[in-house]
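Next come the chains, spelled out residue by residue.
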Amino acid sequence: MKYIIINLSPRPKGTSSMLKDYFAQKMHSNANDVEKCNLYDYLKSMNVLLDKVKTSDSIVLIGPSYVCSYPADTINLLSSMSESAGVLHGQSLYGFIQGGMPYTHTHEHGIRLLENFAENNPVEFKGGFVMGGGAVLNGQPLEKIMGAKKMVPAVNAFIDHIIKDEHSSEALYKNAAMKIPSFITRILAPVMTRQIKKRFAAEGINYNAKSPYL
Amino acid sequence: MIVIISDDKKENIGKSLYQYYKGKSQEEEVEFVSASGLDIKPCYGCEGCTYKTYGECVFRDDMDSIVPLLMEGDTIIYTSPMVWGGFSACIKRIVDKMSLTGYRFYNYKNGELVKGTISKMTKIVGIAESDKTTENERLSFENLLKEIGNIIDVKHLGRVVASSYASTDVEKLALEVAEL
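Below or above, wherever it landed, is the structure these notes cover. (Residues numbered from 1 in each chain as written. Chains lettered and ligands numbered in written order. Predicted model: local features only at pLDDT ≥ 70, side-chain atom pairs only at ≥ 80, totals over all residues. Heavy atoms only, no water.)

Before going further, it helps to spend a moment on the overall build of chain B. For chain B, the helix and strand inventory stands at 6 helices and 7 strands. Secondary structure elements in chain B, listed N-terminal to C-terminal, are β-α-β-α-α-β-α-β-β-β-α-β-α. The globule rule puts the C-alpha radius of gyration for 180 residues at 16 Å, and the 16 Å found for chain B is close to it. On the principal axes, the C-alpha backbone points of chain B span a range of 45 × 35 × 35 Å. Relative to its full complement of 180 residues, chain B shows a buried share of 54%. Contacts in chain B between residues far apart in sequence, at least 24 positions, make up 71% of those at least 6 positions apart. (Helix = DSSP H or I, 4+ residues; strand = E, 2+ residues; numbered from the N terminus. Rg over C-alpha atoms; globule rule 2.2 N^0.38 Å. Buried < 20%, exposed > 50% of the residue type's maximum accessible area, 1.4 Å probe, protein only. Contact = heavy atoms within 4.5 Å.)

Take a look at the structure:
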């Protein structure tokens, strides 16, 4: 099997990039042919990236959640794959989306997008994984994520499904997600707000200033 | 003020809604933004709008003329062709820059963390136009608007219309938006 892992994030050293490397390392150790790429290296011309997709058997898309789904240029990538003859020919497709909010439902649209894409194109969607709280990592190792005890084995299980070319169920990421009790959230909101305000104060940022656009 | 941001080279519902609002009342302030062909750079997630130039994108593009409308509009309507249960890339590039009008802190609502907005927005609406839409695509689109609305803590509506929509469909959509 030949795999391509595409980091859909514009940030070269963020959490999605870290995950791309994490996935590649685990998949390589199983003696697989794995190629990893950053979408934003190909924004001006996607031809080289499309050729890499064309010669792969399995496509793994890993990206951040920007306003509840993958960033806009993921849609440009999918459109290019769809419109270029022969690029898609029955490959397996897996998606991973991670975002700041700790809830899976906030980011799940990214997975639905890929599912709907696969319904309309010659590619087989085999599962997605949603990871909340990913932005807090800011590129640090996966083991540092909140709730790592459940999350890391679940991500590893997802990678195993990719290696075995199996379907991965939604239950995998839903069971691994942090369940924050309501009373903790009620405390968390002002605590997080205070931390952000403290950082703004330390950096001399006036967050009460009028929007520069007005 | 109602602001309609439309990928109008690929759908017509945005312009139809604009004409409906203009024809209905001279008093209703309505702005129409043709997003097709605008120079909107991707959001690079650089956090410059938070830690370098607070509230302002560090990159100069056509968002500079759109953000003031997003700040002043109380109803923001995005119209787009249906693209696999979501917005077109053109509209999503604008949506991706929502942090420019976003509240930077956290609030508590219905057991979850929410963020909010620093703009006058009270309603966010997404309308996708399509020749043929699967049930999964419709649900995906409606849920997307629900999640966006929840995060910024405003009323929300996601709707899909057939490309062969009638004027009564436009009126029905406008009524749904008004009743939110």
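So much for the structure itself; the text now carries on.
Residue and element names in this part refer to chain B. Of note, E47 is a non-glycine position whose phi angle comes to about 65°, a positive value. Structurally, E47 can be placed in the loop between β2 (30–34) and α2 (48–51). The phi dihedral of W84 falls on the positive side, at around 50°, and the residue is not glycine. Residue position: W84 is located in the loop between β3 (75–81) and α4 (89–95). Residue class for W84 comes out buried when judged on its relative accessible area of 11%.

The next thing to look at is the interface of chain A and chain B. Listed by partner, the interface residues are 49 residues for chain A and 48 residues for chain B. Buried surface at the junction of chain A and chain B, both sides included, amounts to about 4300 Å², of which 66% is carbon and sulfur. Among the residues of chain A in contact with chain B, A:V67, A:M101 and A:Y213 are the three that bury the most area, contributing 18% of the side total. Linking chain A with chain B are 1 salt bridge, by the criterion used here. The partner of A:D73 in a salt bridge is B:R93, and the shortest N-O contact between them spans 2.7 Å. Taken together, the connections running from chain A to chain B amount to 16 residue pairs in polar contact (both at pLDDT 80 or more). Ranked by residues supplied to the side of chain A that touches chain B, first place goes to helix α9 (residues 182–202) of chain A with 11 residues. (Buried area = accessible area lost by both parts, 1.4 Å probe. Salt bridge = Lys/Arg side-chain N within 4 Å of Asp/Glu carboxyl O. Polar contact = N/O pair within 3.5 Å; in protein donor to acceptor, adjacent residues only side chain to side chain.)

Summed over all chains, the structure comprises 22 salt bridges over all chains. For B:D64, the salt bridge is made with B:R60, and the minimal N-O distance between the two is 2.7 Å. Note that B:R159 and B:E142 form a salt bridge whose closest N and O atoms lie 3.7 Å from each other. One end of the pair, B:R159, is in strand β7 (residues 155–162); the other, B:E142, is in helix α5 (residues 135–152), and 17 residues separate them in sequence. Classification of B:R159 by relative accessible area gives partly exposed; the value is 26%. A network of salt bridges, in which partner residues are shared, links A:E108, A:R112, A:E115, A:E170 and A:K174.

On to a negative patch on the surface, then. Among the surface-exposed residues, B:E28, B:E29, B:E31 and B:D74 lie close enough to one another that they form a single negatively charged patch. You can see B:E31 is positioned in strand β2. (Patch = residues over 30% accessible without salt bridge, like charges linked within 9 Å, V, L, I, M, F, W, Y side chains within 5 Å. Areas by Shrake-Rupley, 256 points an atom, 1.4 Å probe, with all protein chains shown as cover. Lys, Arg positive; Asp, Glu negative; His and termini not counted. Charge placed at Lys NZ, Arg CZ, Asp CG, Glu CD.)

Residue and element names in this part refer to chain A. Pairing within the open sheet is parallel, and its 5 strands lie in the order β2-β1-β3-β4-β5. Single-partner strands in this sheet number two, and they are β2 (33–38) and β5 (123–132). On average, adjacent strands in this sheet sit at an angle of 15° to one another, irrespective of strand direction. In terms of strand pairing, strand β4 (residues 91–99) meets β5 through 9 bridges, oriented parallel. By the bridge assignment for β5, Q91 is matched with V123. Along the sheet, helix α2 (residues 47–54) contacts β1 (2–7), β2, β3 (58–64) and β4; its crossing angle with β1, the most-contacted strand, is approximately 145°. (Pairing = 2+ DSSP bridges. Axes fitted to C-alpha atoms, helices over the stretch in contact; angles between N-to-C directions.)

What follows deals with the pairing of strand β1 (residues 2–6) of chain B. Residues and elements named next belong to chain B. With 5 of 5 residues buried, β1 lies mostly within the body of the structure. On β1, burial covers both faces: I2, I4 and S6 on one face and V3 and I5 on the other are all buried. In this structure, β1 lies alongside β2, joined through 5 bridges in parallel fashion. Within β2, the residue paired with V3 across the bridge is E31. The parallel pair β1 and β2, bridged by helix α1 (residues 13–24), forms a crossover whose chirality is right-handed. Note that β1 and β3 share 5 bridges and pair parallel. (Right-handed = clockwise from strand over helix to strand, strands pointing away.)

On to the packing of helix α5 (residues 109–119) of chain A against α5(B), then. In the contact formed by α5(A) and α5(B), the axes pass within 10 Å of each other and the chain directions differ by 160°. By the angle between their axes, α5(A) is roughly antiparallel relative to α5(B). Along this stretch, α5(A) crosses α5(B), giving a crossing that reads as left-handed. From α5(A), A:H109, A:R112, A:N116 and A:E119 reach across to α5(B), where they touch B:N136, B:E137, B:S140 and B:L144. (Parallel < 35°, antiparallel > 145°, perpendicular 65-115°, else oblique. Left-handed = near helix turned anticlockwise from the far one by under 90°.)

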